[in-house]
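Each chain is listed here by its residues.
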Amino acid sequence: MNPVSLAGELRASRDHLTRITAGLDGDRLLGPQLAIVNPPLWELGHVAWFQEYWCLRRTAQDRITDPIISGADALYDSAKVAHDTRWNLPLPDLKATRSYQSEVLQRVLRRLEREPENRELHYFVQLAVFHEDMHAEAFHYTRQTLGYGDPLIGNEIAAVPGARIAGDVGLPGGTFLLGASPGGDFVFDNEKWAHQVQLRPFRISRTPVTNAEYAAFVDAGGYSRREWWGDDGWAWKLRENLPAPKYWVKRDSTWTQRRFDRVVALQPDKPVVHVSWHEAQAYCRYSKRRLPTEAEWEYAASLDPRAREKLHYPWGSNFPTHKQARLESAGITEVQDYPEGDSPSGCRQMIGNVWEWTASTFTPYPGFVVDPYQEYSEPWFGTHKVLRGGSFATPRRLIRNTWRNFYTPERYDVFAGFRTCAIGE
């Protein structure tokens, strides 16, 4: 990507973050101390610190220069500042934090102008853009967790409707190149590099599991029948004391759900969202199905079975538009929408709308080599589960078929649902 385009991405990422964090002031700047969120004031400073650290402070000799704000490393370095302490730090106020963000951005933009051929700088600018995009989505689901309004309500683009589809598609399996190939766009270390895997023939659902399908599981005693839960999942469910997904509430025999600061009727054809990996596994046992592995998911999303060509997005190589996927928008749409985004296999919404849990544990690909940002992937191998595909809140520039998201299996706060596979061929 050329420096002019990178500068545009920096500005766009900051504008998006500013929209998502609008109204996070007063008591909301710190909010309640929860394990699944950061204090917003700290997180706003962290994204500026990260951009400054990687794009301005690291020299060619890997010497780290002083930060713009004295003591910033002790405030904002997420690898060294324990999560539980972030509410009690002497953080700059909101005005000063926003000023810090602006100052860092302007200095990075000026450096891009001065050093247009600096490829190392280009790499770290792209890293900072994606890091900020990921935090923007984290802010978005934090607003759901804390019951704040959806920051994009009123600015959403109408969904592209499609005919209702159901059932599975059968895929032949065989040798498949899992992961990203060298020579393309920026990719993270956990996507490197494409390597051959062998897949048995499998059948995968054309759409994610819907609210109606999941409600049938709940109404069948899904949260009280031990036989549908793994040991860890059952222990988690008992700790959480959940009778249904976290934000579901039954009113007069009808399911409703809290969406940000509103309680709305549960819409049957929208995908179930805010369910943990444990809940997805329990549903699979109930339905006598299973989660796809991440290799099966990527195969179904990216492989053109006729041409044996692997695609960057389910629909091809073109950058996502509002016609193909629900991304960077307000609200979830129905599972039949966006037919133009179908993969060659016939699966719908493999990009956008809701992240999808897979059966796979987050592990390194063969020959893994850690990238300069060492804390991104390696610390989480073996303890997290892989999600794929992005959500309605994911910025368009962030997502692709090979992108690997990862969370611990008890997390229900992210915008995650799932699709299933048949057991056996």
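Predicted model only: the values in this text are computed from it and were never measured. (Residues numbered from 1 in each chain as written. Predicted model: local features only at pLDDT ≥ 70, side-chain atom pairs only at ≥ 80, totals over all residues. Heavy atoms only, no water.)

**Focus on the overall build of the protein chain**
Counting its secondary structure elements, the protein chain contains nine helices and 15 strands. Relative to the 2.2 N^0.38 estimate, which gives 22 Å for 425 residues, the radius of gyration of the protein chain is 21 Å and therefore close to what a compact globule would have. Overall, the C-alpha framework of the protein chain stretches about 60 × 50 × 40 Å when taken along its three principal axes. Partitioning the intrachain contacts of the protein chain with sequence separation of at least 6 by distance along the chain shows that 77% fall at a separation of at least 24. Taken as a whole, the protein chain presents about 17700 Å² of accessible surface, with 50% of it coming from carbon and sulfur. If you average the places of the 51 positive and of the 53 negative side-chain charges in the protein chain, the two averages end up 3 Å apart. (Helix = DSSP H or I, 4+ residues; strand = E, 2+ residues; numbered from the N terminus. Rg over C-alpha atoms; globule rule 2.2 N^0.38 Å. Contact = heavy atoms within 4.5 Å. Areas by Shrake-Rupley, 256 points an atom, 1.4 Å probe, with all protein chains shown as cover. Lys, Arg positive; Asp, Glu negative; His and termini not counted. Charge placed at Lys NZ, Arg CZ, Asp CG, Glu CD.)

**Looking at the state of the cysteines**
Under the counting rule described, the total for this entry stands at zero disulfides. Cys347 forms no disulfide, and the closest cysteine sulfur to it belongs to Cys421, at a distance of 8.6 Å. (Disulfide = S-S within 2.5 Å.)

**Focus: the sheet that holds strand β5 (residues 248-251)**
Taken together, the three strands give an open sheet; going across it, the order is β5-β6-β7, and neighbouring strands pair in antiparallel fashion. Edge strands, defined here as strands with exactly one partner in the open sheet, are β5 and β7 (262-265). Within the sheet, the average angular offset between the axes of one strand and its neighbour, ignoring direction, is 40°. Direction of pairing for strand β6 (residues 254-259) relative to β7: antiparallel, over a ladder of four bridges. Pairing of Gln257 across the sheet is with Val264, part of β7. (Pairing = 2+ DSSP bridges. Axes fitted to C-alpha atoms, helices over the stretch in contact; angles between N-to-C directions.)

**Regarding the packing of aromatic side chains**
Counted under the stated rule, the structure contains 43 aromatic pairs. Ring geometry for Phe217 versus Tyr223: centroids 5.9 Å apart, planes at 45°, classification tilted. Across this residue pair, the class does not change: Phe217 and Tyr223 are buried. Where Phe392 meets Phe415, the ring centres are 4.5 Å apart and the plane angle is 50°; that geometry is what we call tilted. Residue Phe392 is located in the loop between β12 (385-388) and β13 (405-407), and its partner Phe415 is located in the loop between β13 and β14 (416-417); the two are separated by 23 residues in the primary sequence. (Phe/Tyr/Trp six-rings, centres within 6.5 Å; stacked < 30°, edge-to-face > 60°. Buried < 20%, exposed > 50% of the residue type's maximum accessible area, 1.4 Å probe, protein only.)

**Re the pattern of salt bridges**
A complete count under the given rule lists 21 salt bridges for this structure. Residue Glu117 pairs with Arg119 through a salt bridge whose shortest N-O separation is 3.7 Å. We note that Glu117, like Arg119, is exposed. Between Arg225 and Glu227 there is a salt bridge, and its shortest N-O distance comes to 2.7 Å. Three or more residues are tied together by salt bridges with common partners; here these are Glu294, Glu298, Lys310, Arg388 and Arg404. (Salt bridge = Lys/Arg side-chain N within 4 Å of Asp/Glu carboxyl O.)

**Description of helix α4 (residues 94-114)**
With 21 residues, α4 extends 30 Å from end C-alpha to end C-alpha; this agrees with the ideal 30 Å at 1.5 Å per step. Among all positions of α4, only Thr97, Tyr100, Gln101, Val104, Leu105, Val108, Leu109, Arg111 and Leu112 are buried. On an axial view of α4, the arc spanned by its buried residues comes to 160°, and they lie on one face. Seen from the open side of α4, the exposed residues pointing more than 90 degrees away from its buried face are Lys95, Glu113 and Arg114. Tucked into the core, α4 has its buried residues touching α1 (3-20), α2 (40-57), α3 (72-76) and α5 (119-146). Put simply, Asp93 is the residue that caps the front of α4, since its side-chain oxygen is 3.3 Å from the backbone nitrogen of Lys95. (Expected span 1.5 Å × (residues − 1). Arc of directions from axis to C-beta. Polar contact = N/O pair within 3.5 Å; in protein donor to acceptor, adjacent residues only side chain to side chain.)

**Quick notes on α2**
Because an α-helix packs 3.6 residues into every turn, residues spaced three or four apart end up facing the same way. Here α2 spans 24 Å end to end across 18 residues, near enough to the 26 Å set by a 1.5 Å rise per residue. Burial analysis of α2 places 17 of its 18 residues in the buried class, which makes it a mostly covered element.

**What about the nonpolar core?**
With 87 residues, the main nonpolar core has Val125, Tyr214, Phe217, Trp248, Trp357 and Phe418 as its most contacted residues. With nine residues, the top contributor of residues to this core is α5. Apart from residues lying up to four places away in sequence, Trp248 is in contact with Asn211, Tyr214, Ala215, Val218, Trp255, Thr256, Gln257, Leu266 and Val272. (Core = buried A, V, L, I, M, F, W, Y, C linked by side-chain atoms within 4.5 Å.)

**Some remarks on the pairing of strand β11 (residues 355-361)**
Extensive coverage of β11 is indicated by the burial of five of its seven residues. In terms of strand pairing, β11 meets β12 through three bridges, oriented antiparallel. Counted as the bridge partner of Glu356 is Arg388 from β12.

**Here we look at the packing of α1 against α5**
Close contact between α1 and α5 brings their axes to 9 Å; oriented N to C, the two are set at 15°. It follows that α1 is roughly parallel to α5 by the angle criterion. In this structure, α1 meets α5 at a crossing whose hand is left-handed. Across the interface between the two elements, Pro3, Leu6, Glu9, Leu10, Ser13, Arg14, His16, Leu17 and Ile20 of α1 pack against His122, Val125, Gln126, Val129, Glu132, Asp133, His135, Ala136, Phe139, His140 and Arg143 of α5. A class-by-class count of the residues in the contact of α1 with α5 yields nine nonpolar, six polar and five charged. (Parallel < 35°, antiparallel > 145°, perpendicular 65-115°, else oblique. Left-handed = near helix turned anticlockwise from the far one by under 90°. Nonpolar A, V, L, I, M, F, W, Y, C, P; charged D, E, K, R; others polar.)

**What about the sheet that holds β11?**
Across the sheet, which stays open at both edges, the four strands sit in the order β13-β12-β11-β14 with mixed pairing between neighbours. Only two strands of the sheet have a single partner each, and these edge strands are β13 and β14. Sheet topology places β11 next to β14; two bridges connect them, and they run parallel. Of the residues in β14, the one forming a bridge with Trp355 is Ala416.

**Quick notes on the environment of Ile69**
Examined against the element boundaries, Ile69 turns out to sit in the loop between α2 and α3. Judged by its relative accessible area of 21%, Ile69 falls in the partly exposed class. Along the sequence, Ile69 and Tyr100 sit 31 residues apart, while their C-alpha atoms lie 7.9 Å from each other. Setting aside chain neighbours within four positions, we find Ile69 in contact with Pro92 and Tyr100.

These results come straight from atomic positions and should not be treated as a statement about function.
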